[in-house]
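# Secondary and tertiary structure notes
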Amino acid sequence: MSLRVLGVDPGLTRCGLGVVEVEGNRRATLVAVGVVGTVAGTALDARLLVISEAIDLWLDTHRPDVLAVERVFSQLNVSTVMGTAQASGVVIAAAARRGIPVALHTPTEVKAAVTGSGSANKDAVGKMVTKILRLDEMPKPADAADALALAITHAWRRGVAGPGPTAGSASRGAAPVSGLTPAQRLWAEAEARAKRGSY
């Protein structure tokens, strides 16, 4: 049985959107990918409206089983964090209106899931997404590749951690580390550290 996941890399200037279909054997296939956003300086209400209308369209068009959204965490640039949090709220509310579960994943979890290293850079993530999805070229900009990486991470996490569809339910039980590939083991360890607030 396959799982359709819409990954969202939230942001006001660029909000990455990526839909993947992942089979029980972890084979992932690209369904759609894109970026929506607004120019800096545009009024906040107008920026959020653009994202709201875009996510509504994507949810209604692609009908995902679950949304995977990047978890907002503390950064040095407070204004960037605020914009990311506001975009995330719009996306999460749109899913809630449709009864679609939402999973939150930290950047470290995503990097570890797709590359085997929680400290991988965006280029490495993009290259692995390209390989995993068997694409001819890397999705651009990086926000698009990141959205696909989020979707892949959630689908793979579900296979590792059990049937729970949300990040919270999967995190409550420790994922077994034995029997995992090296990349999965690194990802599980990164996930555990993120859960403890190490990042």
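What counts and how
Residues numbered from 1 in each chain as written. Predicted model: local features only at pLDDT ≥ 70, side-chain atom pairs only at ≥ 80, totals over all residues. Heavy atoms only, no water. UniProt positions renumbered as here; feature names shortened; annotations may be inferred. Helix = DSSP H or I, 4+ residues; strand = E, 2+ residues; numbered from the N terminus. Contact = heavy atoms within 4.5 Å. Buried < 20%, exposed > 50% of the residue type's maximum accessible area, 1.4 Å probe, protein only. Salt bridge = Lys/Arg side-chain N within 4 Å of Asp/Glu carboxyl O.

## A word on the UniProt feature "binding site: Mg(2+) 1" (unreviewed entry) in the protein
Mapped onto the present numbering, the UniProt feature "binding site: Mg(2+) 1" (unreviewed entry) falls at Asp9 and Asp143. Taking the farthest pair of C-alpha atoms as the criterion, the annotated set spanning 135 residues converges on one region, since that pair is 6.2 Å apart. Along the chain, the position of Asp9 falls in strand β1 (residues 3-9). Contacts of Asp9, omitting those with residues within four sequence positions, involve Arg14, Cys15, Gly16, Glu70, Asp143, Asp146, Ala147 and Leu150. The exposure class of Asp143 is buried, given its relative accessible area of 13%. Setting aside its immediate chain neighbours within four residues, Asp143 contacts Asp9, Arg14, Gly16 and Val35.

## A short note on the pattern of salt bridges
As enumerated under the stated definition, the model contains 8 salt bridges in all. Across the pair Arg97 and Asp56 runs a salt bridge whose closest N-O atoms are separated by 3.5 Å. Residue Arg97 is found in helix α2 (residues 78-97), and its partner Asp56 is found in helix α1 (residues 44-62); the two are separated by 41 residues along the sequence. Note that Arg98 is salt-bridged to Asp60, the shortest N-O span being 2.9 Å. Highlighted residues: Arg98 in the loop between α2 and β5 (102-105) and Asp60 in helix α1, separated in sequence by 38 residues. Connected through shared salt-bridge partners, Asp56, Asp60, Arg97 and Arg98 make up one network.

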